[in-house]
Every structure is written in C-alpha cells, then in structure tokens.
Amino acid sequence: MKKNNTGFNFLMVLSTLVLFSSCTKDFEEINTDKTKIEVLAPKQLDKLFSTAEYAGITNTDQWAGGYQLIVSLATDQQAQFFSCTQINFPSDRNAQVGRWIQGGWGAFLQGATTLAEILKQTGPESPIPDPLREAVAKIWKVYIFMPMTDDFGPIPYSQVGSGEDVILYDSQESIYMDFFKILTEATAVLSQNTGKKAFATGDVIYEGDLDKWLKLGNSLRLRAAMRVSKVVPDIAKTQAEAAVAAPGGLMTDNADNAFMHPTPPNYLNPLGVISEWGEFRMSAAMESTLKGYQDPRIGAYFSPAEATGLYKGIRNGLSIVQMAVTENTNPYNSNVPPRFRNAANVSEPHALMVAAETWFNLAEAAVNGWNTGGLSAKVCYENGIKASMAQWAVTIPAGYLESTKTPQALGDIYNTPAMSDIPVAFGATPEVQREQIATQKWLALYPSMSPEAWAEFRRTGYPRLFPRLNNENPDASTDQASMKRLIFPPDEQTINKGGYESGLQLLGGPDKTSTLLWWDK
C-alpha cells in the first residue's frame, strides 16, 4: 500500500531533515535507514525539541506557518478577540475554508510527529531512556494536543508518528483520559527532580527549568479538569483537587508564565508577523467590555485608531460590503499595540499559558465546591485580575475590584448594545460568579490564547459574545453559540480515508460545525 506521504510519515521526516540541515556531517552517523532517526545525543534531542515547540503551536516558519490558518483565521475570530477586515476572508462569517484548515492541521502535525520521535527516543523502550526529557515532552504533548482536540473533537493521537499507512483517530474522551494519565506520570517524575534541567539548550519556553515545567504540568491538569467538568464531574473534581495538592504547586505567579521566545530569523512571534498584514482589528466585544469597565489594560491590548485617536472595535461577521463602510475600515479601528507589530516580532515573547488563567480556574473550582486549598472563589477571582494586570504592567485603579461598572453599548451604526450587564465586583450568586470568572479569564487570555478562550466560551456560554452580523455556513447561524467545532480537513478523506472514517464514527455525528464535542454534551 502506498504510504501517506502528504501526512504523518512525510512530516516526521521533513521536520527532522529541516532541523539537521545545519549539521549534515553528523546525519549519516545518526541514521541507519535514512527515514527514521535511531539514536540521538542529548544536544540533538534538545534541538529537535525546539522544532517540536514551535511547530506544536503551528508556527513552523518565519511566515507564521499554520498559525494564521487555524488561530488568526479561526479561534481568534470565534473567541472575538479580533474582527476580520480582509475582504477576501470569509472565515469571520463562519465559513469553513478547507485548504486553510488543512494547512493548519499539517503544520501542527509537523510538531506532533517530531514530538512523537522525541518520546520514542526518551521513553523506557529507548536504548537510552531519559525520564526527565520524557516527562517534559509528555507535558508539551498535552499542551499542543488539547487545542486541536478542542477544535475538532476526535483527532489522530495515539498513532501519530507510528508510520502506519492509515492513521486512526482517537475519541476525545480517550484523549482527555490520557492527558490525565501522562500528566500524572510526568509531574511525579519532575517532582522528584526539582532544581534540575532538561532540554536546556533547546527549550525556548523555560530553558529547561524543571520546576517551571512541573508547575505548567500541574496547571494543565487543572485546565483539563475544568474542561471536562460538565461531562464527567466526578473525574474532573478528582483531577482538579489532585492538581491543587500536587507537589511543585500551580502556575500562580507571573514569574512562572509560559512564553515562547522567538529565535530569528526562522521563528518569530506569530502575532507580530500577522498583524502587519492588516487583516483584523479590535472586536466590538473587546471594546464594549474594556471601555465599560474602564479597564486600564485597553492601552496595553490595543492602539487608538489612526484616524480618530480613539479606541474602537467592530462587529464580527462583516460582509464585504460592510467592510467598505468608512467606520469599519482599518484606520478607524484599533490595531494591536506596537509591541506586537513590525520589528517586535523578533523579540516579543509569545504567551502560551499565564498565571491569571490558573487563578480563574481555581475560582470556578471553588464555586463548584471543590477543595482549592482553603482559597475562596472571590479571592481566586480577584487574584486572577491582579495577576493579569501585573502581567501587562498596568496599575489596578483604586476601586476597580469593587466596581459596579458594566460593559457599555457602542453607539455604532449597528446599534450594538452592551455585551453584558455584569460588573467587576464579585457577585452574590453562582451563575453571576461563573459569568464574571469566564469574562475576566477571556480578557486575561488575550491576545494569543484564543484556542483556550473559544473552548471556554463553548463550555460555559460566557462571555456573552455578540451575534455575528452575517453567516455563510449552512450548518451555523449568526448566533455565536452555533459554532461547536471546526470541520475535519477535507484532504483527510483521500490521504487518510480510513482515519477520517474512524473520526466520523467517534464524533458521533456528521462532520459539521454544529456537531457537539464530547465535553460539550
């Protein structure tokens, strides 16, 4: 049978060849069959891990790789961080563009297959097991696979990098259960090796600091627990409480934040690259919330519009005709600030996970009545706001945490109302509290963590994002909640037909954006 050369096997070889293009004198010594690396030295593993990190977030080259296709043109818009202003792009009207999805999927697989090779090289079956590197690689596996399964549902997981002709999909339930398993294993190893390093010369996130990777692993365990809290509440509670009590602690201090650092010329801050193309501006949802709360982060998140000097956002789902209206054009709406533009893309770190999110996950866990180590929901909620403000180096205005101000109406040509009526001051009822926690988490995840923000919107229904002005997807509507997932890449029906069919069966419904994910049922 013909190998799937446009998919997993080719990408594994390609990523390896690209990585070692600068050291070809060693290539024959470390390869025996020319299609599979047999044994790598520690420094070579470190270099390979750099590729697994960058490609794992689909940022596979200096042009931002698949990041534009599956983040900027998908989750950024579904989470309403930004609104599309490019007339050639229908994605903000819910359209599913197959070649874009395929590009993002393929870019991700480069990182996933590279990581699979690292896990083989470091695992117990390897000629030279390396438990510390394996533990870090397991944590990174959870980090990169979680947004993909949250975007699509069932995806290739256990067979990635196997070299099989047909790569079967795994159910989302089995993937999440494996997340808990490998995070438990990885953090147990790291908790016994604090103060040490792994991948020190290749890790572009923590420079190999195992103490920080341990906190990231515990925090990811808490994130995963919150995601499945509706469908398997008992498991979620057990996993969340285990994460809270785990040795090494959670990511609750900004010093522990996970940022990916650019390494020019090949790997740049993807948002910094994309922002120069003029394809998006501030969303109306961001404007309503930040202005209504008189939130000091607005100046850190956005620049005033060039034409007016005012902070201004626009509705999602503009038609081509609406994009031409002066009020909706780029000069009249807010772009990202200079730190995410132009030359900054070679120096600005790219946020992957931050302490504020952990605090908001703890706040929701406390509202659920779970054991959060004696911390109340209110304390965790307010600590989340404080952590986000500190991350952006802005001062919390006096009275902000007690403020009764609410999101505001926009006064635009669409008579856009306020996004919500909830204040910042922590509410008295669980449902109000849940909305407040989710809304402040949404603000804290900006600008680069939209995959998490969209997943949380689908899970919780918050924040109350605006309906889109237009919809071009027969399986969706202008109702923001109508989009439940992305469709599988169309090419999978030909290059991995058996895998695609297994994914459909596990999805439990048609390959449509209206089909609910496992954790959303």
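Residues numbered from 1 in each chain as written. Predicted model: local features only at pLDDT ≥ 70, side-chain atom pairs only at ≥ 80, totals over all residues. Heavy atoms only, no water.

With respect to the overall build of the chain
Inference 1: Summing up its helical and strand segments, the chain has 19 helices and 6 strands in all.
Inference 2: What you see for the chain is a C-alpha radius of gyration of 22 Å, in line with the 24 Å of a compact globule of 521 residues.
Inference 3: Along the first, second and third principal axes, the C-alpha set of the chain runs to 65 × 55 × 45 Å.
Inference 4: When the 521 residues of the chain are sorted by exposure, 61% land in the buried category.
Inference 5: For the chain, restricting intrachain contacts to residue pairs at least 6 apart in sequence, the fraction spanning at least 24 positions comes to 75%.
Inference 6: Element-wise, carbon and sulfur atoms account for 55% of the exposed surface of the chain, whose accessible area totals about 18,700 Å².
Inference 7: Side chains of the chain give 44 positive and 55 negative charges; the mean places of these two sets differ by 2 Å. (Helix = DSSP H or I, 4+ residues; strand = E, 2+ residues; numbered from the N terminus. Rg over C-alpha atoms; globule rule 2.2 N^0.38 Å. Buried < 20%, exposed > 50% of the residue type's maximum accessible area, 1.4 Å probe, protein only. Contact = heavy atoms within 4.5 Å. Areas by Shrake-Rupley, 256 points an atom, 1.4 Å probe, with all protein chains shown as cover. Lys, Arg positive; Asp, Glu negative; His and termini not counted. Charge placed at Lys NZ, Arg CZ, Asp CG, Glu CD.)

A few points about the nonpolar core
Inference 1: Judged by nonpolar contacts, the single largest core of 141 residues is most densely connected at W140 and W213.
Inference 2: For this core, the leading source of residues is helix 6 (residues 131-152), giving 13 residues.
Inference 3: In contact with W140, other than residues within four places in its own chain, are F49, A52, E53, I57, L115, I205, W213, M260 and L352.
Inference 4: Membership of the second largest hydrophobic core comes to 8 residues, among which are L73, C84, V97 and W100. (Core = buried A, V, L, I, M, F, W, Y, C linked by side-chain atoms within 4.5 Å.)

Examining the packing of helix 8 (residues 210-227) against helix 14 (residues 355-367)
Inference 1: Two numbers describe how helix 8 lies on helix 14: the axes approach to 10 Å, and their chain directions differ by 45 degrees. Regarding the angle of helix 8 to helix 14, the classification is oblique. As helix 8 packs across helix 14, the resulting crossing turns out to be left-handed. Facing helix 8, whose interface residues are S219, L222, R223 and M226, helix 14 presents E357, T358, N361, L362, E364 and A365. (Axes fitted to C-alpha atoms, helices over the stretch in contact; angles between N-to-C directions. Parallel < 35°, antiparallel > 145°, perpendicular 65-115°, else oblique. Left-handed = near helix turned anticlockwise from the far one by under 90°.)

Concerning the pattern of salt bridges
Inference 1: In this structure the tally under the stated criterion is 30 salt bridges.
Inference 2: A salt bridge links E134 to K138, with the nearest nitrogen and oxygen atoms 3.8 Å apart. Note that E134 and K138 are positioned in helix 6 at a spacing of 4 residues, about one turn of the helix.
Inference 3: Given the relative accessible area of 16%, E134 is considered buried.
Inference 4: Taking the shortest distance from any N to any O, the salt bridge between K215 and D256 comes out at 3.1 Å. With K215 in helix 8 and D256 in the loop between helix 9 (233-245) and strand 4 (258-260), this pair connects stretches of sequence that are 41 residues apart.
Inference 5: In this structure D256 comes out as buried when scored by relative accessible area, which is 7%. (Salt bridge = Lys/Arg side-chain N within 4 Å of Asp/Glu carboxyl O.)

Quick look at the packing of helix 15 (residues 377-391) against helix 16 (residues 430-445)
Inference 1: Packing of helix 15 against helix 16 leaves a shortest axis separation of 10 Å and a crossing angle of 15 degrees. With respect to helix 16, the axis of helix 15 lies roughly parallel. Note on packing geometry: the crossing formed by helix 15 with helix 16 is left-handed. Residue-level inspection shows Y381, I385 and S388 of helix 15 in contact with helix 16, the latter providing Q436, I437, Q440 and A444.
Inference 2: Split by residue class, the contact of helix 15 with helix 16 holds 4 nonpolar, 3 polar and no charged. (Nonpolar A, V, L, I, M, F, W, Y, C, P; charged D, E, K, R; others polar.)

A look at the side chain of S450
Inference 1: Considering the arrangement of structural elements, one finds S450 in helix 17 (residues 450-460).
Inference 2: There is a polar contact of 2.6 Å between the side chain of S450 and the side chain of D76.
Inference 3: Ignoring anything within four residues of it in the chain, the contact list for S450 reads V71, T75, D76, A79 and F81. (Polar contact = N/O pair within 3.5 Å; in protein donor to acceptor, adjacent residues only side chain to side chain.)

Thoughts on helix 8
Inference 1: End to end, helix 8 covers 25 Å across 18 residues, agreeing with the expected 26 Å (1.5 Å per residue, within 8%).
Inference 2: Most of helix 8 sits inside the fold, with 15 of its 18 residues counted as buried.
Inference 3: Residue D209 occupies the N-cap position of helix 8, its side-chain oxygen lying 3.0 Å from the main-chain nitrogen of D211. (Expected span 1.5 Å × (residues − 1).)

Overview of unusual backbone geometry
Inference 1: P264 connects to P265 through a cis peptide bond whose omega is 5 degrees.
Inference 2: Its location among the elements puts P265 in the loop between strand 4 and helix 10 (270-274).
Inference 3: That bond from Y446 to P447 is cis: its omega, 0 degrees, falls within 30 degrees of zero.
Inference 4: A positive phi is found at A64, a non-glycine position, where the angle reads about 75 degrees.
Inference 5: Relative to the elements of secondary structure, A64 occurs in the loop between helix 3 (42-56) and helix 4 (67-78).
Inference 6: We classify A64 as buried; its relative accessible area is 0%.

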